[in-house]
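Survey of secondary and tertiary structure
Chain by chain, the residues run as shown.
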Amino acid sequence: MAAGPSGAFWSRWYERFTRFHLRLAAACFLAGAVFVIAVSQHSGSPSSQTACPGRPDDLVIGTGAEIGAGGVRHDVIKAWNDEQRELKKKPLKATLVEISESSDEQRSELAAAAQSKRCAYDVLLLDVAYITEFARNHYLEKFELDPGKLGGPPERYFLRKSLETGRVDGEQFAVPFAADAPLLYRRTDAPAPPPQDTEKFLELASEHGYAAQFDDYEGGTVNLLEAIFSAGSQKAEDRKTQADDLVFDDRGDVVLDQDDNGEKVMDALRAWREALFAGNRDDTRPPPGESALREESSLQAFRTGLVGYMRNWPFAFNRLAADPMMRDDDGSLKFQVLSFPGTGVLGGVDLAIANDSPHKEEARELIYYLISQDVQERLFACAGYPPVVAALYERYERSGIARTCGDLVGDGADGAGRPAERDTEITGDQLVRFAGEVHEAVDHARPRPKSAYYATFSQVFRSCLLPVATTASGAAPDFHYFSDALRDALNGRRRSDDACHPPAQAASKSDIRG
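Residues numbered from 1 in each chain as written. Predicted model: local features only at pLDDT ≥ 70, side-chain atom pairs only at ≥ 80, totals over all residues. Heavy atoms only, no water.

**Quick notes on the overall build of the protein chain**
Assigned secondary structure in the protein chain consists of 20 helices and eleven strands. Residues counted as buried form 51% of the 514 residues belonging to the protein chain. Across the protein chain, the fraction of contacts at a sequence separation of at least 24, relative to all contacts at a separation of at least 6, is 72%. By element, 51% of the accessible surface of the protein chain is carried by carbon and sulfur atoms, the whole surface being about 24400 Å². (Helix = DSSP H or I, 4+ residues; strand = E, 2+ residues; numbered from the N terminus. Buried < 20%, exposed > 50% of the residue type's maximum accessible area, 1.4 Å probe, protein only. Contact = heavy atoms within 4.5 Å. Areas by Shrake-Rupley, 256 points an atom, 1.4 Å probe, with all protein chains shown as cover.)

Encoded structure:
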């Protein structure tokens, strides 16, 4: 039976309705597919900015301030940028953002940036003490080192102890950039002979003056640990003796409250205090409270002759060698670099990729550039950054020859990498001897405890022991209570009360002071 007019109308309407919805469904499907592809491309692109709106399209490196190094790091980064412009049509520009010269303040800023997930940095230059904290809090991208880019296994390319600083829970999160360990600086224009052991050094330091870093910051923690680790170390070959178990055992557990460890710690800190402040009997050395208790102030006290010895990091060598005041008329140095007279604490800075970086692949390329042998050699010769590349030390030791900054960048170079004036330029022979002392210092140094809460441990540790090392009235803490506070700190629990004494004892001491 044929359809009437009314049936034909509804049949045409239904056909048009069906075609419309089919086209609509197809359009929706196509739009959805485009969206999925765009999202997947975004998540896989190292240079996408959608996840980090508002930040510049640069490769941002968060680092501490470069004090007195002539801006050589900036010069190296400029060389990287120039090279990238030649290789790529649209390269990312690497930019250094200097935070502070204090490692404590650097850590605070970099941790705050990571917590906020504001993509502030792509590459972090971190003090080795904080690698564990940043890794376990998921602030860092894992960094699996490629032997092909290193010319062999990482264990052969890097100094062993430096490589270990970037490993957390068996995985690599950071890559060594600059090694560090304490050195002893001795003025050769004063009657301050080279010490043969720790005990003899403390006698000589009391006589000729000593500058070190016993202030309320991370440097104070390091110097306290070194003073304690060095207790009983009479000779260089005895640095791994009984002193090592005064603070931690082989498993890293706190043992200050065991046996008579607390008494030994007090004796050790008082001996170093005598070396620091023995010169206060005359007016030629700074009195307590105004002493050279940080890196820069220690350097100034040594440079001006207020003290005959100084404990400091390797950076001080270039600073002193470039100072005309530290040269004789014939250009020879007025100071000597020696092994630290005891057990040093391992320092250094590592490179890591921020977990929220939108430029992870580019960051990885930059890191491989910064740890290349050529760049490491330049940083050492021109700014005193101790290399982390084992082959450089092997070459210096084998050949006895090191290329100077002038050899590496040329006499006519502009910018921060320009060699020093001829009367203060560090010679190849001086670099070779300096490298040998640094290599030995790093090889014998002990690491700080690996903990996600190391910063808390450091604050609690020095809060109770710095007064002992810097004031005649510094009282011994209650080592049982203090040790429990340190254990709590290493596990992320910080006590709100006095960490040095039980509440009743702390209250009674407060009443006496009042």
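Continuing now.
**Observations concerning the packing of aromatic side chains**
Applying the stated rule across the entire model yields 22 aromatic pairs. Between Phe177 and Tyr385 the ring centres are 6.1 Å apart and the planes differ by 55°, which places this aromatic pair in the tilted class. Of the two residues, Phe177 sits in strand 6 (residues 175-180) while Tyr385 sits in the loop between helix 14 (373-383) and helix 15 (390-399), which places them 208 residues apart along the sequence. Take Tyr385: its relative accessible area is 17%, and that puts it in the buried class. Every member of this aromatic cluster is reached through a ring pair, and the members are Tyr130, Phe248, Tyr454, Phe457, Phe461, Phe479 and Phe482. Note that Arg495 overlies the ring of Tyr481, its terminal NZ or CZ placed 4.6 Å from the centroid. (Phe/Tyr/Trp six-rings, centres within 6.5 Å; stacked < 30°, edge-to-face > 60°. Lys NZ or Arg CZ within 6 Å of the ring centre and 35° of its normal.)

**Looking at the packing of helix 9 (residues 218-229) against helix 10 (residues 261-277)**
Taken N-terminus to C-terminus, the directions of helix 9 and helix 10 make an angle of 115°; their axes are 9 Å apart at the nearest point. As summarised for this structure, helix 9 and helix 10 are arranged roughly perpendicular, according to the angle between their axes. Between helix 9 and helix 10 the crossing geometry is right-handed. In this structure, helix 9 contributes Leu224, Ala227 and Ile228 to the contact, and helix 10 contributes Val265, Ala268, Leu269 and Trp272. Taken together, the residues of the contact of helix 9 with helix 10 break down into seven nonpolar, no polar and no charged. (Axes fitted to C-alpha atoms, helices over the stretch in contact; angles between N-to-C directions. Parallel < 35°, antiparallel > 145°, perpendicular 65-115°, else oblique. Left-handed = near helix turned anticlockwise from the far one by under 90°. Nonpolar A, V, L, I, M, F, W, Y, C, P; charged D, E, K, R; others polar.)

**What to know about the packing of helix 10 against helix 18 (residues 454-470)**
At a minimum axis distance of 7 Å, the contact between helix 10 and helix 18 shows a crossing angle of 50°. In terms of axis orientation, helix 10 runs oblique to helix 18. For the pair formed by helix 10 and helix 18, the contact residues are Val265, Met266, Leu269, Arg270, Arg273, Leu276 and Phe277 on the first element and Leu465, Val468, Ala469 and Thr470 on the second. Partitioning the contact of helix 10 with helix 18 into residue classes produces eight nonpolar, one polar and two charged.

**Some thoughts on the pairing of strand 1 (residues 58-63)**
Among the six residues that make up strand 1, five are buried, leaving the element largely enclosed by the rest of the structure. Note that strand 1 and strand 3 (residues 123-127) share two bridges and pair parallel. Across the sheet, the residue bridging to Gly62 is Leu124, located in strand 3. (Pairing = 2+ DSSP bridges.)

**Overview of the state of the cysteines**
Within this structure, the stated rule accounts for two disulfides. Each disulfide pairs two cysteine sulfurs, and for Cys382 the partner residue is Cys405, the sulfurs being separated by 2.1 Å. Where Cys382 bonds to Cys405 through sulfur, the torsion about that S-S bond is close to 100°, and the disulfide is right-handed. Of this pair, Cys382 sits in helix 14 while Cys405 sits in helix 16 (residues 405-409), and the two are 23 residues apart along the sequence. In this model Cys464 forms its disulfide with Cys500; the gap between the sulfur atoms is 2.0 Å. A torsion of -100° about the S-S bond marks the disulfide between Cys464 and Cys500 as left-handed. In this pair, Cys464 sits in helix 18 while Cys500 sits in the loop between helix 19 (479-490) and helix 20 (503-513), placing the two residues 36 residues apart along the sequence. Like Cys500, Cys464 is buried. (Disulfide = S-S within 2.5 Å.)

**Observations regarding the pattern of salt bridges**
This structure, assessed with the given rule, holds 30 salt bridges. Its salt-bridge partner being Glu203, residue Lys200 comes within 3.7 Å of it at the nearest N-O pair. Here Lys200 pairs with Glu203, and both are found in helix 8 (residues 198-208), just three residues apart, close to one helical turn. Asp253 is the partner of Arg251 in a salt bridge, and the nearest nitrogen-oxygen pair spans 3.4 Å. On the accessibility criterion, Asp253 (37% relative accessible area) is partly exposed. It is possible to trace a salt-bridge network through shared partners that takes in Lys78, Asp82 and Arg85. (Salt bridge = Lys/Arg side-chain N within 4 Å of Asp/Glu carboxyl O.)

**Here we look at the confidence of the model for the protein chain**
Looking at the protein chain as a whole, its pLDDT mean stands at 84, while 79% of the residues score no less than 70. Predicted confidence for residues 1-6 stays below pLDDT 50, and this span has one contact to residues more than four positions away or in other chains. This stretch, residues 26-50, has a pLDDT under 50; its non-local contacts, to residues over four places away or in other chains, come to 20 contacts. (pLDDT = per-residue confidence, 0-100.)

**Things to note about the sheet that holds strand 6**
Reading across the sheet, the five strands line up as 2-1-3-11-6 and stay open at both edges, with mixed pairing between neighbours. The outermost strands of the open sheet, each flanked by one partner alone, are strand 2 (93-98) and strand 6. Across the sheet, the mean angle from the axis of one strand to that of its neighbour is 20°, orientation sign disregarded. The sheet contact formed by strand 3 and strand 11 (residues 347-353) spans five bridges and is antiparallel.

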